[in-house]
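Per-entry structural report
One letter stands for each residue in the lines below.
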Amino acid sequence: MSRRRSTILVSIVLAAALAIGCGDDGGSAARGEKALTAVATTTQVADFAREVGGDRVDVRQILQPNSDPHGYEPRPSDVASVTEADVVMRSGGDLDAWLDGLLDNAGADVPQVELIQAVERRDGGHAGEGSHDHVGEEEHDHGDSADPHWWQDPRNAIAAVAAIRDALAAADPDGRAEYERNAAAYIRQLRRLDRAVAACIDEVPAPQRKLVTTHDALGYYADRYGIEVVGALIPSQSTAAQPSAGDIEELVDQIEREQVEAIFPESSIDPRLERAVSRETGATVGKALWADTLGGEGSGGATYVESIRSNTAALVEGLTGGAQRCRP
């Protein structure tokens, strides 16, 4: 390795240590006069729950926009929310494993729906349609061996919505008809989204569908739409990990060898690491993607549907060097 490259790689690793961090945390929403109170761990799960629950459900969202779920430390206000919940909705996997300690501290015996159990997981596991059978169970395997970023495939979002529908109906039988109507309408929207995303990615020539992101969070999206994941700057499914100089050197070589057009940062993480690798490889830095979290109002990723649309538009533009533009 040349002295210049060695110096650059060390600088990149230092940048990674400074850049990787969590966004601002926030408390749960105030309780309204609703038929049901549901606690949701992540921004995506909360968004799904609001779509299905509509006006009947007070959704209390633990993770706030731009918060990194991997290293979240629950707060006393979260304990209070869980204690008052009628149902708890978790994403599953190691993404929100911290919920176990929160439930223990709350001493609450609350029905749970664990959405990773309802979807097609990248490790090949599948728990069948819906996850209402898991509601009320005390022990789960949490899909720990699976990639936890299941929502990046809209087909999995559809399965999760069905599981949420069933969980809400089990907790509030009087609202079943409303939950079913809301879920059906949202599922139709998600199916349209899936078709539109596929059409957009089809505009990217197959040899240019090579993806490098901050961490390994878009595998489901890549599998769904025929994109090759070349690598990630943090070679892990968790942002809590940090790359070594050897990891970065290997990725730099691969980016150059594969002629990767763009490197895509994530919205909740400082992009200094991506800019450093960009300078070394000549690949451009694409627009930030919504990976582990949704954004605030007006961010372009405030809802699940907005996040997938924004990601797709960013990928089409970045992977083609600006030659193609398409927003689902």
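Computed from a prediction, not measured in an experiment: that's the story for all the values here. Along each chain, numbering runs from 1 in the same order as the chain's sequence is written. This being a predicted model, a pLDDT of at least 70 is required before a residue's local features are given, and a value of 80 or more before pairs of side-chain atoms are given or counted; all residues contribute to the totals for chains, interfaces and linings. Water and hydrogen atoms were dropped before computing side-chain values, which therefore reflect all heavy atoms in the structure.

Observations regarding the environment of Trp290
With respect to the helices and strands, Trp290 occurs in the loop between strand E8 (284–285) and helix H10 (304–319). Along the chain, Trp290 and Glu266 lie 24 residues apart, while their C-alpha atoms are 6.0 Å from each other. Each residue touching Trp290, except ones within four places of it in the same chain, is listed here: Asn66, Gln152, Ser267, Gly295, Ser299, Gly300, Gly301, Ser307, Ser310 and Asn311. Elements are defined by DSSP. Helices are runs of H or I of four residues or more, strands are runs of E of two residues or more, and each kind is numbered from the N terminus. Contact criterion: two residues are considered in contact whenever any of their non-hydrogen atoms come within 4.5 Å of each other.

Some points on the packing of aromatic side chains
Note on ring pairs: Phe, Tyr and Trp rings are taken, using the six-membered ring of Trp, and paired if centres are within 6.5 Å. Classes follow the plane angle, with under 30 degrees stacked, over 60 edge-to-face and the rest tilted. The full count for this structure, using the stated rule, is 6 aromatic pairs. Feature note: the residues Phe48, Trp150, Trp151, Tyr186 and Tyr304 constitute an aromatic cluster, connected by ring pairs. Of note, Arg122 hangs over the ring of Tyr220, and the distance from its end group to the ring centre comes to 5.9 Å. For a Lys NZ or an Arg CZ to count as sitting over a ring, it must be within 6 Å of the ring centre and within 35 degrees of the ring normal.

A look at the sheet that holds strand E3 (residues 87–90)
At least two bridges found by DSSP between two strands is the condition for calling them paired. Spatially, E2-E1-E3-E4 is the arrangement adopted by the 4 strands of the open sheet, whose pairing is parallel. Here the strands that pair on one side only, and so sit at the sheet edges, are strand E2 (57–61) and strand E4 (112–114). In this sheet, adjacent strand axes meet at a mean angle of 20° when their direction is disregarded. Lines fitted to the C-alpha atoms define the axes, with helices restricted to the stretch that makes contact. Angles between their N-to-C directions range from 0 to 180 degrees. The sheet strands contacting helix H2 (residues 43–53) are strand E1 (36–40), E2 and E3, and the helix crosses E2 at an angle near 175°.

As for the pairing of E3
With a 1.4 Å probe rolled over the protein chains alone, any residue whose accessible area is under 20% of its type maximum counts as buried; one over 50% counts as exposed, and the rest are partly exposed. Residues Val87 and Met89 line one face of E3 and the alternating positions Val88 and Arg90 line the opposite face, and both faces are buried. Of the pairings in the sheet, the one linking E1 to E3 comprises 3 bridges and is parallel in character. Its bridge partner being in E3, Ala40 is matched across the sheet by Met89. Here 3 bridges tie E3 to E4, and the two strands are oriented parallel to one another. Within E4, the position partnered with Val88 by the bridge is Gln112.

Focus on the confidence of the model for the protein chain
Do not read the fine detail of predicted coordinates wherever pLDDT is low. The predictor attaches a confidence to each residue, called pLDDT, with possible values from 0 through 100. Within the protein chain, residue pLDDT values average 83, and 80% of them lie at 70 or more. When the criterion is pLDDT under 50, residues 6–32 qualifies, and its contacts beyond four places in sequence or with other chains add up to 64 contacts. Confidence drops under a pLDDT of 50 for residues 124–140, and excluding neighbours within four residues, the segment shows 34 contacts in the predicted structure.

Comments concerning the environment of Val316
Mapped onto the fold, Val316 is located in helix H10. Each C-alpha atom, one on Val316 and one on Cys326, is 6.5 Å from the other, the two residues being 10 residues apart in sequence.

Brief notes about the nonpolar core
As a rule of thumb, nonpolar side chains are buried together in soluble globular proteins. The criterion is simple. A nonpolar core is a set of buried Ala, Val, Leu, Ile, Met, Phe, Trp, Tyr and Cys residues joined through side-chain atoms within 4.5 Å. Judged by nonpolar contacts, the single largest core of 61 residues is most densely connected at Phe48, Met89, Trp150, Leu168, Leu190, Tyr221 and Tyr304. The set of elements that each furnish at least two residues to this core consists of E1, H2, E2, E3, helix H5 (154–171), helix H6 (176–201), helix H7 (219–225) and H10. Ranked by residues supplied to this core, first place goes to H5 with 10 residues. If we ignore the near neighbours within four places in the chain, the residues touching Trp150 are Val45, Phe48, Ser91, Leu115, Ile116, Val119, Asn156, Ala157, Ala160 and Tyr220.

What to know about H6
A helix's residues, less one, multiplied by 1.5 Å, set its expected span. The terminal C-alpha atoms of H6, which comprises 26 residues, lie 37 Å apart, in line with the 38 Å expected from a rise of 1.5 Å per residue. Within the span of H6, buried status applies to Tyr179, Ala183, Tyr186, Ile187, Leu190, Leu193, Asp194, Val197, Cys200 and Ile201. At its buried positions, H6 is contacted by E1, H2, E2, H5, H7 and H10.

A look at the packing of H2 against H6
With their axes 7 Å apart at the nearest point, H2 and H6 run at an angle of 120° to one another. One finds that H2 runs oblique with respect to H6. Here Asp47, Phe48, Glu51, Val52 and Gly53 of H2 lie close against H6, whose contacting residues are Glu178, Tyr179, Asn182, Ala183 and Tyr186. Here the contact of H2 with H6 is built from residues that sort into 5 nonpolar, 2 polar and 3 charged. Comment on the angle field: the value is read as roughly parallel under 35 degrees, roughly antiparallel over 145, roughly perpendicular from 65 to 115, and oblique elsewhere. Three categories are distinguished: nonpolar for Ala, Val, Leu, Ile, Met, Phe, Trp, Tyr, Cys and Pro, charged for Asp, Glu, Lys and Arg, and polar for the others, with Gly belonging to the last.

Here we look at the pairing of E1
Most of E1 sits inside the fold, with 5 of its 5 residues counted as buried. Handedness of a crossover is defined as follows: orient the strands so they point away from the viewer, and if the path from the first strand over the helix to the second runs clockwise, the crossover is right-handed. Once you follow E1 into H2 and on to E2, the crossover reads as right-handed.

Examining the pattern of salt bridges
Between side chains of opposite charge, a pair can form as their charged atoms come close. One speaks of a salt bridge when a side-chain nitrogen belonging to Lys or Arg is within 4 Å of a carboxyl oxygen belonging to Asp or Glu. Taken as a whole and judged by the stated rule, the model has 14 salt bridges. With its nearest N and O atoms 2.9 Å apart, the salt bridge here joins Glu84 to Arg60. A residue pair is termed long-range when its members are at least 10 positions apart, and Glu84 in the loop between helix H3 (76–83) and E3 and Arg60 in strand E2 qualify at 24 residues. What makes Glu84 partly exposed here is its relative accessible area of 40%. Given the relative accessible area of 7%, Arg60 is considered buried. Taken together, the shared-partner salt bridges in this structure form one network comprising Asp58, Arg60 and Glu84.

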